Every structure is written in structure tokens, then in C-alpha cells.
Amino acid sequence: QQLSTGFYSYSCPGVYGAVKSVVESAIAKEKRMGASIVRLFFHDCFVQGCDASLLLDDTSSFQGEKMATPNNGSVRGFEVIDAIKSAVEKLCPGVVSCADILAIAARDSVVTLGGPNWDVKVGRRDSTTASFSGANNNIPPPSSGLANLTSLFAAQGLSQKDMVALSGAHTIGQARCTNFRAHIYNDTDIDGGFASTRQSGCPSTSGQGDNNLAPLDLQTPTVFENNYYKNLLAKKGLLHSDQELFNGGATDAQVQSYVSSQSAFFADFVTGMVKMGDVTPLTGSAGQIRKNCRRIN
Ligand code: HEM
Ligand SMILES: [Ca+2]
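Reading the values: the criteria
- Residues numbered from 1 in each chain as written.
- Chains lettered and ligands numbered in written order.
- Predicted model: local features only at pLDDT ≥ 70, side-chain atom pairs only at ≥ 80, totals over all residues.
- Heavy atoms only, no water.
- UniProt positions renumbered as here; feature names shortened; annotations may be inferred.
- Buried < 20%, exposed > 50% of the residue type's maximum accessible area, 1.4 Å probe, protein only.
- Helix = DSSP H or I, 4+ residues; strand = E, 2+ residues; numbered from the N terminus.
- Contact = heavy atoms within 4.5 Å.
- pLDDT = per-residue confidence, 0-100.
- Donors = N, O, S within 2.8 Å, 3.2 Å for Na, K, Ca; no water.
- Disulfide = S-S within 2.5 Å.
- Near = heavy atom within 4 Å.
- Polar contact = N/O pair within 3.5 Å; in protein donor to acceptor, adjacent residues only side chain to side chain.
- Nonpolar A, V, L, I, M, F, W, Y, C, P; charged D, E, K, R; others polar.
- Tetrahedral: all angles 85-135°; square planar, octahedral: opposite > 155°, others 65-115°.

Taking an unreviewed UniProt entry as the reference, the protein is identified by name as Peroxidase belonging to Paspalum notatum var. saurae. Looking at the Subcellular location (unreviewed entry) heading of the UniProt record, one finds this comment for the protein: "Secreted".

Here's what the structure looks like:
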């Protein structure tokens, strides 16, 4: 079975309005929440596919994905997903999966922050399992080089081109000092002034100020546009992995093309999001429609 844009046309046509209204009010309260929701979709899809495995809470007898290194102390927005789920359950009980809610909410977040719009394919079902090791092994760390980034995306059926386009999501949101410390202190492919600005908010000693935040896009971290790539051209990528996309390698030309054309970036970003949303979904009678996104029924 395949995902389709019309899956809820008869069973829950109101789902789109319900998701959008909760997403919009969450972003009105805190702009960063849009970024956090987009990242939830990415971290879900890279582990067992887009099946809401990320949303499952740990219990004494169940190890989920939330405590894995890329997620622990970092992923956020679960209360917003809960609020969407309750709104949608009121409208159409037992019909819409948490996995589809993530996909729709990610799209609405991008749109609300000024990015491109697209039709979301739906019909995913929710997992009854999660993978702690998958979260640790499949999600690229910020220390990754270009070859590693490319191969971790290839493992999900995504091309290097998709990887560069999807990385443009770093035009919104924040990162913690612990994730960019090595880049701003040790790397040479970084603008000197930018490095010292970031050093002032991120002490060199590990363990100190680890959770201090800096914007992934230094100019407009709450607006979805192509500034991320402009920063890379100026050697102002915040993460080591960001700057790897423009560091004299095979992806330089693609970065340059997105600097010249925001519409080219938007088109490829949409293609990438749709492809990422197609990563091994549960469909048909596989999995379940969770009542509460945090636990299996
Ligand atoms: C290419 C490989 C990628 C790496 C190495 C990477 C790494 C990271 C890291 C380290 C952070 C900061 C986390 C923290 O400090 O707590 C982050 C934030 C973020 N990432 Fe990525 N990421 C990648 C790709 C993506 C993709 C494909 C998307 C979505 C399509 C995405 C969306 C985001 C967003 C929106 C944030 C900000 C979240 C917030 O402010 O809450 N990233 N990423
Ligand atoms: Ca998953």
C-alpha cells in the first residue's frame, strides 16, 4: 500500500484545519517551536521510517528513542503534538495516526515560518516498537563529514542532493554549544569574526555552558528562506556538518545554486520532505492508530 494525499478525504477531512490551528498558536507563542516540530519529523523518519516511534515515552519495561544521544536534552515539541492529537481525536476518534500528524505539522510549521507549501501524503500507521540503537546510529551527528552525511542519507534512500536541500531546514531553530563547540574552536573553515562571536556564548571547556543556545541561521532563525546557504558561502555555518556542504567539495555547486535561487531551494526542499516522508511507512493493517502518541494502545 502507498501513501496518498487523499487518505483522510472521507474519514477525517477536518484534520488539516485542526493541525494547522494548533501549530499556528504554538508558533505564535514561541517561534522556535516551528523548528522543533520540523526536526521531530526528521528524527522520526530516520529510525524505522515515519512511524511515530520517536514519540513513545520510556517506561520501566520499554526503551524508546527519546534518551538516545541525538534526542536527549535536545528534541522538543512533544506537548504540541499531544495537543494536536487531542484536537484530532475529538474530531475523528481513532482515525488519524501520530505519524501522519507529525508529517502534517512539519509542513504547517514550514509554511507558517514563510517557507514553501506542499500536499502531504498520508496513510501512515503508528509503530508498536521503537529503536534506541537506530536513533543513535541512523541520525547524523554534527561532527559528520560530507561522506558520512551522504551515506547516512543514502541508507534512508535519500540522495546527496536531497541531503543538501533538507539541510536547509537549518535556516530555522537553535543549537546547543555542545554541538558546535569543536567547530568554533578547532576548525579552520570558519569566518574568524563569526567564530569569536559564537565563542563568547559557548565556553571552550566541555561541561561548561553545554546547553547555551545559538541560532543555526545567524540572521533570521525564525524565517524559512535560503539564508542558511548564504551563511555557508560566508563560512558562517554553525555546525561542522553544515559547513561541510560548502567546503570545496562536490556539493558546493548546489549550495551556490540555492543562494542564487530561493525557488530552486524551495522546490528541492519539498521534494526532499516528500521523499523523507515516504521512508518505510507502516500501512494497511500494519501497526496501529495510537490513542495517545506517547504509548502503544
Ligand atoms: C544533515 C545532517 C544533519 C545534522 C548533522 C543535524 C544536526 C543538528 C543538530 C546538532 C542540531 C542542534 C541540536 C541541539 O543542539 O540540541 C540540529 C537542529 C535542528 N535540525 Fe538538524 N541536522 C541535520 C539535518 C536536518 C534535517 C534533514 C532537518 C529537517 C528537515 C533538520 C532540522 C533541524 C531543525 C529545524 C533544528 C532546530 C531545532 C530547534 O530549534 O528545536 N536537521 N540539527
Ligand atoms: Ca520512526
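Read on, since the account is not over.
K.L.:
Teacher, can you tell me more about helix 8 (residues 177–186) here?
P.N.:
Think of an α-helix as turning once every 3.6 residues; residues three or four places apart then point the same way. Taken as a whole, helix 8 has its buried residues at Cys177, Phe180, Arg181, His183 and Ile184. Contacts from the buried residues of helix 8 go to strand 1 (174–176), helix 9 (192–199), strand 2 (213–215) and helix 11 (240–243).

K.L.:
Even after reading the chapter, I still don't get the confidence of the model for the protein, so can you show me in this structure?
P.N.:
Caution is warranted with low-pLDDT regions, since their predicted coordinates should not be read in detail. The predicted model of the protein averages 98 in pLDDT, with 100% of residues at 70 or higher. For this predicted complex, the interface confidence reaches an ipTM of 0.99, while the overall pTM sits at 0.98.

K.L.:
In this structure, what is going on with the coordination of the iron atom of ligand 1? I would like to understand it.
P.N.:
Metal coordination angles have textbook ideals: 109.5 degrees for a tetrahedral set of four donors and 90 or 180 degrees for an octahedral set of six. The protein gives the iron atom of ligand 1 a lone donor atom, His170 (NE2), placed 2.1 Å from the metal. Among the structural elements, His170 can be located in the loop between helix 7 (160–166) and strand 1.

K.L.:
Looking at this structure, I do not really get the UniProt feature "site: Transition state stabilizer" (unreviewed entry) in the protein. What am I missing?
P.N.:
Following the UniProt record, one finds the feature "site: Transition state stabilizer" (unreviewed entry) at Arg39. With respect to the secondary-structure elements, Arg39 resides in helix 2 (residues 32–45). Residue contacts for Arg39: discarding those within four places in its chain leaves Pro70, Ser74 and Val75.

K.L.:
What exactly am I supposed to notice about the state of the cysteines here?
P.N.:
As used here, a disulfide is simply a covalent bond connecting the sulfur atoms of two cysteines. Across all of its chains, the model carries four disulfides by this definition. For Cys98, the disulfide goes to Cys293, at an S-S distance of 2.1 Å. Its S-S torsion of about -95 degrees marks the bond between Cys98 and Cys293 as left-handed, since a negative value means left-handed. On the criterion of sequence distance, the pair formed by Cys98 in helix 4 (residues 98–112) and Cys293 in the segment after helix 13 (262–277) is long-range, its members being 195 residues apart. You'll find Cys98 and Cys293 in the same group, each marked buried. A sulfur-sulfur separation of 1.9 Å characterises the disulfide bridge that pairs Cys177 with Cys202. Handedness of the Cys177-Cys202 disulfide follows from its S-S torsion of about 75 degrees: it is right-handed. You can see Cys177 sitting in helix 8 and its partner Cys202 sitting in the loop between helix 9 and strand 2, a full 25 residues away along the chain. Exposure remark for Cys202: the relative accessible area of 0% places this residue in the buried category. Sequence-ordered numbering of the bonded cysteines in the protein gives a disulfide pattern of 1-4, 2-3, 5-8, 6-7.

K.L.:
Just checking my understanding: could you explain the environment of Ala105 for this structure?
P.N.:
Mapped onto the secondary structure, Ala105 falls in helix 4. The exposure class of Ala105 is buried, given its relative accessible area of 0%. Along the chain, Ala105 and Val38 lie 67 residues apart, while their C-alpha atoms are 7.7 Å from each other.

K.L.:
Whenever I open this one, the UniProt feature "binding site: heme b" (unreviewed entry) in the protein confuses me. Can you help?
P.N.:
Sequence positions flagged by UniProt for "binding site: heme b" (unreviewed entry) are, in local numbering, His170. Among all residues touching His170, those that are not within four sequence positions of it are Leu216, Asp217, Tyr228, Leu239 and Asp242.

K.L.:
Would you mind going over the site of ligand 1 with me for this structure?
P.N.:
With respect to spatial proximity, 26 residues lie near ligand 1, and among them Ser36, Ser74, His170, Arg176 and Asn179 are the closest. One of the side-chain N or O atoms of Ser74 is found 2.5 Å from an oxygen atom in ligand 1. Within the contact set of ligand 1, an oxygen atom lies 2.7 Å away from a backbone nitrogen or oxygen of Arg176. Elements represented by at least two residues in the shell around ligand 1 include exactly helix 2, helix 6 (146–154) and strand 1. For the shell around ligand 1, the element with the most residues is helix 2, which contributes six residues. Its residues assigned to classes, the shell around ligand 1 shows 14 nonpolar, eight polar and four charged.

K.L.:
Just checking my understanding: could you explain the coordination of the calcium ion (ligand 2) for this structure?
P.N.:
Bound to the calcium ion (ligand 2) are the protein donor atoms Asp44 (O), Asp44 (OD), Val47 (O), Gly49 (O), Asp51 (OD) and Ser53 (OG), situated 2.2 to 2.5 Å from the metal. Coordination at the calcium ion (ligand 2) is irregular, judged from the six donor atoms that bind it and the angles of 75 to 160 degrees they form at the metal. Each donor residue of the calcium ion (ligand 2) belongs to the same chain, and together they define the spacing D-x2-V-x1-G-x1-D-x1-S. Overall, the relative accessible area of 1% leaves Gly49 in the buried class.

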